[in-house]
Amino acid sequence: MDKATDSSGLIFRQDYFADDKAWAALVSLLADTFGIDLDPLKRLGGADPSSMPFGWFDESGLLAANLSAFAMPIVISGRKVNAAGLQSGAVRPPWRGRGLYRDVTHKALDWCAVEGFEAIVLYTDKPDLYTPYGFRSLPMHLYAGAAPEPAMGAMPARTLDPWKPEDLALLQRALKSRTPVSDALAVCESAAMFLINTQFDPDVKLSWLEDRQAVIAWKVGDDNTFVLSDIIASTIPTLETILGGLGIAPLAVEVLFSPDKLGWQGEARALDGGTEFMIRTDLDISLERPAMLSPMADF
Ligand SMILES: CC(C)(COP(=O)(O)OP(=O)(O)OC[C@H]1O[C@@H](n2cnc3c(N)ncnc32)[C@H](O)[C@@H]1OP(=O)(O)O)[C@@H](O)C(=O)NCCC(=O)NCCS
């Protein structure tokens, strides 16, 4: 028997992003629940156009409960998968325990079924919320190892600032024509996620390698380790080319995706960040080598 939902005093709305007040209510829900500010996304090209939010609002316009779905094509073990992502799942404390999250989860899963997605993916620190719906966790691994010698003769990189209109336009063009950064596990495009993620880690730099037509998202981590977060390009440059273009010669490297296109091999290390990447699919899919989704694709 279906469990009851207590939605008294609330109004259900879906696909509400075109309404500025409703968008602001989502920004407020995510700020209050997770301490993140999604609002800059509006000035960075807007939310993913495929977004389909499901929300319960009170009469004043406050968003009490929400879950959003969006198209997120990914490559897993060399196979392109027409996947949807689920994000922005939250219920405000006064409305918890009434079945509202179960309700928006059912609505989001039904929408994904009607749209014909082959898989649904999400990140969560509460996997038990999703296992009853057939989601399973995929283990995530970064790669670490010694740095290669930087290639000689590369054109020096230029730093990009997404808040400069010409740099934002360059990033958007590159995102449209990018190739997945890895064949093991990677997003195919996910432009909106990349752009908002540039705002969440102030240490991540974006560098443009003109001669490679490649955007490199990177930072310097502990012990001067070079941390490579993502590459937006239609041909992925090798790690030595990237280091040459950036003009740096680190001793150690961490790559936050599977480095199968980088001409470099590191050692896979399990991520234990408390957040799990989960998938629900009828396809026979598994990770054939250790991998993780770039943090620039976090959603
Ligand atoms: C997690 C959260 C969305 C649950 O909201 P809620 O209103 O209590 O959820 P519901 O009343 O609709 O309960 C839905 C189901 O989830 C279960 N559930 C609730 N909280 C849970 C938790 N922390 N862990 C595992 N299961 C949980 C309920 O028992 C219920 O199970 P049932 O369908 O078998 O009866 C809410 O506590 C919240 O917003 N937390 C902070 C943000 C967060 O963690 N969001 C999810 C991120 S992926």
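A few points on the structure. (Residues numbered from 1 in each chain as written. Predicted model: local features only at pLDDT ≥ 70, side-chain atom pairs only at ≥ 80, totals over all residues. Heavy atoms only, no water.)

1. Some remarks on the site of the ligand
Surrounding the ligand, one finds 19 residues, the nearest of these being K3, V91, Y101, R102 and K126. Between the ligand and the protein, one listed contact pairs an oxygen atom with a side-chain N or O atom of K3 at 2.8 Å. The separation between an oxygen atom of the ligand and a polar main-chain atom of L100 is 3.3 Å. A total of 910 Å² of accessible area belongs to the ligand in isolation, and the protein chains cover 69% of it. Where the shell around the ligand is concerned, the elements lending two or more residues are α1 (20-34), β6 (83-91), α2 (100-115) and β7 (119-124). Here the residues of the shell around the ligand are counted per class, giving eight nonpolar, five polar and six charged. (Near = heavy atom within 4 Å. Polar contact = N/O pair within 3.5 Å; in protein donor to acceptor, adjacent residues only side chain to side chain. Areas by Shrake-Rupley, 256 points an atom, 1.4 Å probe, with all protein chains shown as cover. Helix = DSSP H or I, 4+ residues; strand = E, 2+ residues; numbered from the N terminus. Nonpolar A, V, L, I, M, F, W, Y, C, P; charged D, E, K, R; others polar.)

2. Here we look at the packing of aromatic side chains
According to the stated counting rule, one finds twelve aromatic pairs in the structure shown. Measuring from centroid to centroid gives 5.3 Å for Y123 and F277, while their planes differ by 55°, and the two rings are tilted. With Y123 in strand β7 and F277 in strand β17 (residues 276-281), this pair connects stretches of sequence that are 154 residues apart. Residue F277 is classed as buried on the basis of its relative accessible area of 1%. Ring pairing ties together the aromatic residues Y16, F17, W23 and F57, which thus form one cluster. A cation over an aromatic ring shows up here: K205 above the ring of W218, its NZ or CZ 4.8 Å from the ring centre. (Phe/Tyr/Trp six-rings, centres within 6.5 Å; stacked < 30°, edge-to-face > 60°. Buried < 20%, exposed > 50% of the residue type's maximum accessible area, 1.4 Å probe, protein only. Lys NZ or Arg CZ within 6 Å of the ring centre and 35° of its normal.)

3. Focus: the environment of G35
The topology assignment puts G35 in the loop between α1 and β2 (52-58). Each C-alpha atom, one on G35 and one on R158, is 32 Å from the other, the two residues being 123 residues apart in sequence.

4. Overview of α2
Taking 1.5 Å per residue, 16 residues should reach 22 Å; α2 reaches 23 Å between its end C-alpha atoms and fits that length. Within the sequence span of α2, burial applies to L100, Y101, D103, V104, T105, A108, L109, W111 and C112. As for α2, its buried residues are in contact with β1 (10-14), β2, β3 (63-71), β6, β7 and β17. The positive-phi residue at the C-terminal boundary of α2 is G116, with phi of around 80°. (Expected span 1.5 Å × (residues − 1). Contact = heavy atoms within 4.5 Å.)

5. Digging into helix α5 (residues 239-246)
Where burial is concerned, most of α5 is hidden: seven out of the eight residues are buried. The set of residues buried in α5 consists of L239, T241, I242, L243, G244, G245 and L246. Where α5 ends, the next residue or the one after it, G247, has phi of about 70°, a positive value.

6. As for the side chain of S258
Within the fold, S258 resides in the loop between β15 (252-255) and β16 (267-270). For S258, a relative accessible area of 0% gives the class buried. A polar contact of 3.1 Å, which involves the side chain of S258, links it to the side chain of R289.

7. Points about the pairing of β3
For β3, the tally of buried residues reaches eight of nine residues, placing the bulk of the element in the interior. Judged from the six bridges that link them, β2 and β3 form a sheet pairing that is antiparallel. Of the residues in β3, the one forming a bridge with G55 is N66. Adjacent in sequence and paired antiparallel, β2 and β3 are bridged by four residues, among which G61 carries a positive phi angle near 95°. Where β3 lies against β6, six bridges are found, and the strand directions are antiparallel. Across the sheet, the residue bridging to A69 is L86, located in β6. (Pairing = 2+ DSSP bridges.)

8. Remarks on the state of the cysteines
Enumeration over the complete set of coordinates arrives at zero disulfides. Here C112 stays free of any disulfide, with the sulfur of C188 as its closest cysteine sulfur at 16 Å. Classification of C112 by relative accessible area gives buried; the value is 2%. Of the residues examined, C188 reaches a relative accessible area of 14% and is grouped as buried. (Disulfide = S-S within 2.5 Å.)

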